[in-house]
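Residue strings, one per chain:
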Amino acid sequence: MKLTRKLVLAKAKASDLESVRKLNCWGCSLTDISVFTQMPNIEVLTLSVNSISSLSPLAGCLSLSELYLRKNMIPSLSELSYLRPLSRLRVLWLAENPCCGAQPGRYRLTVLRCLPRLQKLDNQVVTEDELALALVDGEEVRTPTANIQNQLSNNGLPDAETENDPLNYNMQETNKIREELGMKPLSRDKFSSLSSPSTREKPTLKKTHILDAVLLLLRDLDEDELHVVQAAAQNRLQTYTLGPGDTLVSEDTLGPGDTQTFTSHAEIQH
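(A) How the structure looks around the packing of aromatic side chains. Within the structure shown, the criterion is met by zero aromatic pairs. A cation over a ring is seen here: R70 above W93, with NZ or CZ 5.6 Å from the ring centre.

Structure below.
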């Protein structure tokens, strides 16, 4: 069943879609929620107990803070990639969907790595400890393959050679981020060629995008969130710094003139 404009306005008792802030469509047998592409101001949305399989229509609902999706037909956690732009999203209930799998712990870490701003997942409060763990051990969520294929023509190349050139697009996006951060733009030769991609350049390009994105996102984090990032970064650094026989130095073993190299996650919490 398709959620129509008429049905939304009737349920919300509103005169237009843009004025709708809260909507409850629990148990309506919905399969098509494309109407939400016209509802950028929705803040609280209940879609539990339906047959929804794609979250792509929600990608533009930037005011969304609470989303209830329990008991739907969401096939893969890759659908969460559409929720990444929703910086105000704090509550998500996703349980009892096919994407949750048979490993609740792994599922939870993966969701939190993709959406680290969540404060409550599946009616359970997100702790700083598990969020720090998720940023290290959670699986990376990628955009659904079907969505990528829809953006390409039948021959596997972008429809517009210049305007939609992936290399040109990536370069522009990266340099836009670098400009906002006060960094020098990268030249085109820093990016791998589409016609003859270099296996050595690909990791460098990927790392460049990741670093720029991380630095840009840091500006939007509050003090508590920055502490979580600090803990995750220090945990990650230990894998590079500690040798095979080394152990993390504890405060009890430090002498009067010694300094502690690492700070544990517990020590930076409030």
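(B) Quick look at the packing of helix 2 (residues 104–114) against helix 3 (residues 128–137). Two numbers describe how helix 2 lies on helix 3: the axes approach to 8 Å, and their chain directions differ by 85°. On the basis of the axis angle, helix 2 is roughly perpendicular to helix 3. The residues of helix 3 that touch helix 2, namely those facing R106, R108, L109, L112 and R113, are E130, L131, L133, A134, L135 and D137.

(C) Quick look at the sheet that holds strand 4 (residues 91–93). Sheet architecture is open: six strands sit in the order 1-2-3-4-5-6, paired in mixed fashion. Two strands close off the open sheet at either side, each with one partner strand: strand 1 (22–24) and strand 6 (124–125). Sheet topology places strand 3 (residues 66–68) next to strand 4; three bridges connect them, and they run parallel. Of the residues in strand 4, the one forming a bridge with L67 is L92.

(D) Up close: unusual backbone geometry. If you check the backbone angles, D122 has positive phi at about 55° while not being a glycine. Mapped onto the elements of the fold, D122 is located in the loop between strand 5 (120–121) and strand 6. Here the phi dihedral of N123 falls at roughly 65°; this positive angle occurs in a residue that is not glycine. Positionally, N123 belongs in the loop between strand 5 and strand 6.

(E) Quick peek at the state of the cysteines. Throughout the structure, instances matching the rule amount to zero disulfides. Cysteine C25 is unpaired, with the sulfur of C28 as its nearest cysteine sulfur at 5.0 Å.

(F) A look at helix 2. Within helix 2, burial applies to Y107, R108, L109, T110, V111, L112 and C114. On its buried face, helix 2 sits against strand 4, strand 5, strand 6 and helix 3.

(G) Region of the structure containing the confidence of the model for the protein chain. Chain-level pLDDT for the protein chain is 76 on average; 62% of the residues reach the 70-or-more range. Predicted confidence for residues 148–169 stays below pLDDT 50, and this span has 17 contacts to residues more than four positions away or in other chains. Considering only residues more than four positions removed or in separate chains, one finds that residues 191–202, a stretch of pLDDT under 50, has 17 contacts.

(H) Geometry of the side chain of S81. Looking at where S81 falls in the secondary structure, it is placed in the loop between strand 3 and strand 4. Using a relative accessible area of 10% as the deciding quantity, one classes S81 as buried. In this view, S81 contacts C114, V141, R142, T143 and P144; residues no more than four positions away in its chain are not counted.

(I) Representation of the nonpolar core. Membership of the largest hydrophobic core comes to 47 residues, with the highest contact counts inside it found for L23, F36, L80, L83, L92 and L94. Those elements giving two or more residues to this core turn out to be helix 1 (5–12), helix 2 and helix 3. When residues no more than four places from it in sequence are discounted, the contact partners of L83 are L55, L58, L67, L89, L92 and L115.

(J) Quick look at the pattern of salt bridges. Per the counting criterion, the structure on display carries five salt bridges. Taking the shortest distance from any N to any O, the salt bridge between R70 and E96 comes out at 3.3 Å. Pair noted here: R70 is in the loop between strand 3 and strand 4 and E96 is in the loop between strand 4 and helix 2, with a separation of 26 residues, a long-range link. Of the charged contacts, one joins K71 and E96 as a salt bridge, the two residues approaching to 3.8 Å between their closest N and O atoms.

Procedures and definitions
Residues numbered from 1 in each chain as written. Predicted model: local features only at pLDDT ≥ 70, side-chain atom pairs only at ≥ 80, totals over all residues. Heavy atoms only, no water. Phe/Tyr/Trp six-rings, centres within 6.5 Å; stacked < 30°, edge-to-face > 60°. Lys NZ or Arg CZ within 6 Å of the ring centre and 35° of its normal. Axes fitted to C-alpha atoms, helices over the stretch in contact; angles between N-to-C directions. Helix = DSSP H or I, 4+ residues; strand = E, 2+ residues; numbered from the N terminus. Parallel < 35°, antiparallel > 145°, perpendicular 65-115°, else oblique. Contact = heavy atoms within 4.5 Å. Pairing = 2+ DSSP bridges. Disulfide = S-S within 2.5 Å. Buried < 20%, exposed > 50% of the residue type's maximum accessible area, 1.4 Å probe, protein only. pLDDT = per-residue confidence, 0-100. Core = buried A, V, L, I, M, F, W, Y, C linked by side-chain atoms within 4.5 Å. Salt bridge = Lys/Arg side-chain N within 4 Å of Asp/Glu carboxyl O.

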